[in-house]
Amino acid sequence: DAKTTQPPSMDCAEGRAANLPCNHSTISGNEYVYWYRQIHSQGPQYIIHGLKNNETNEMASLIITEDRKSSTLILPHATLRDTAVYYCIVSRLSNSGNEKLTFGTGTRLTIIP
Amino acid sequence: EAEVAQSPRYKITEKSQAVAFWCDPISGHATLYWYRQILGQGPELLVQFQDESVVDDSQLPKDRFSAERLKGVDSTLKIQPAELGDSAMYLCASSLTTGELFFGEGSRLTVL
């Protein structure tokens, strides 16, 4: 598996953009970058994923560098409800051909009022 | 909105006892996952099913853990006998599109 490196914690002021970095320098050409988040005492929630191009949905934007060795998840206008642990995951194919998602320890994002 | 259902939400048991968790995935989702999450760590995949077949159980401690998904719908994860180190959150997830997993709220196990 390509491993990811994330800062253990970050703070962001409410209403500002939260930019969460992730390094994945050993990513392979056919591996995707996924982002999930986990609010306290809940199961993880899918946010977004991408391969090469930048992606945007109603929750966030994902910026992947041209060499694909790092990416940034952007929450454009952070609210208190965005306080959570954010996981950056690089997918791989399991023996069966299905993708296997391996979670690390993530970044604990705290939104400050 | 369809959700992944898990039960029980909380379970307290003594070591050496048997414990079971149940998961009902979102209807139509062929892939089902069981993850274990120890406090302060990220979820760890225990077993992955495609329909009723196990496609990955490389991290499942098979001496005490078992999982089944009869008829390819709901699933049961069993631990026998439970050990102190099994205290964790057990998360079930299902997916239709590869990589986009929908998680349940989890079953929190405490082994005394």
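Quick note: structure is the one above.
Quick notes on the rules
Residues numbered from 1 in each chain as written. Chains lettered and ligands numbered in written order. Predicted model: local features only at pLDDT ≥ 70, side-chain atom pairs only at ≥ 80, totals over all residues. Heavy atoms only, no water. Disulfide = S-S within 2.5 Å. Helix = DSSP H or I, 4+ residues; strand = E, 2+ residues; numbered from the N terminus. Buried < 20%, exposed > 50% of the residue type's maximum accessible area, 1.4 Å probe, protein only. Phe/Tyr/Trp six-rings, centres within 6.5 Å; stacked < 30°, edge-to-face > 60°. Pairing = 2+ DSSP bridges. Axes fitted to C-alpha atoms, helices over the stretch in contact; angles between N-to-C directions.

A.B. asks: Just give me the short version of the state of the cysteines, but keep the residues and values in it.
C.D. replies: Residue and element names in this part refer to chain B. Scanning the model with the defined rule gives two disulfides over all chains in all. Covalent S-S linkage joins C23 and C92, the inter-sulfur distance amounting to 1.9 Å. On the sign convention where negative means left-handed, the S-S torsion of about -70° between C23 and C92 marks this disulfide as left-handed. In this pair, C23 is assigned in strand β3 (residues 19–24) and C92 in strand β9 (residues 88–95), connecting sequence segments 69 residues apart. Each member of the pair, C23 together with C92, is buried.

A.B. asks: Please provide a residue-by-residue account of the packing of aromatic side chains, values included.
C.D. replies: This structure, assessed with the given rule, holds 11 aromatic pairs over all chains. With a centroid separation of 5.7 Å and an interplanar angle of 75°, the aromatic rings of A:Y36 and A:Y46 are classed as edge-to-face. Pair noted here: A:Y36 is in strand β3 (residues 33–38) and A:Y46 is in strand β4 (residues 45–50), with a separation of 10 residues, a long-range link. What makes A:Y36 buried here is its relative accessible area of 0%. Accessibility expressed as a relative area gives 16% for A:Y46, which makes it buried. Ring geometry for A:Y87 against A:F103: centres 5.2 Å apart, planes inclined by 85°, an arrangement best described as edge-to-face. Of this pair, A:Y87 sits in strand β8 (residues 84–90) while A:F103 sits in the loop between β10 (99–100) and β11 (107–112), placing them 16 residues apart in sequence. Each member of the pair, A:Y87 as well as A:F103, is classed as buried. Ring pairing ties together the aromatic residues A:Y36, A:Y46, A:Y87, A:F103, B:Y33, B:Y35 and B:F103, which thus form one cluster.

A.B. asks: So what about the sheet that holds β3(B)? Which residues, and what values?
C.D. replies: Residue and element names in this part refer to chain B. One open sheet holds the four strands; their spatial order is β1-β3-β8-β7, and the pairing between them is antiparallel. The sheet terminates laterally at β1 (5–7) and β7 (65–68), the two strands that pair on one side only. Taking the axes of each pair of neighbouring strands and ignoring which way they run, one obtains an average angle of 15° across the sheet. Here β7 pairs with strand β8 (residues 75–79) via four bridges, running antiparallel. By the bridge assignment for β8, F65 is matched with I79.

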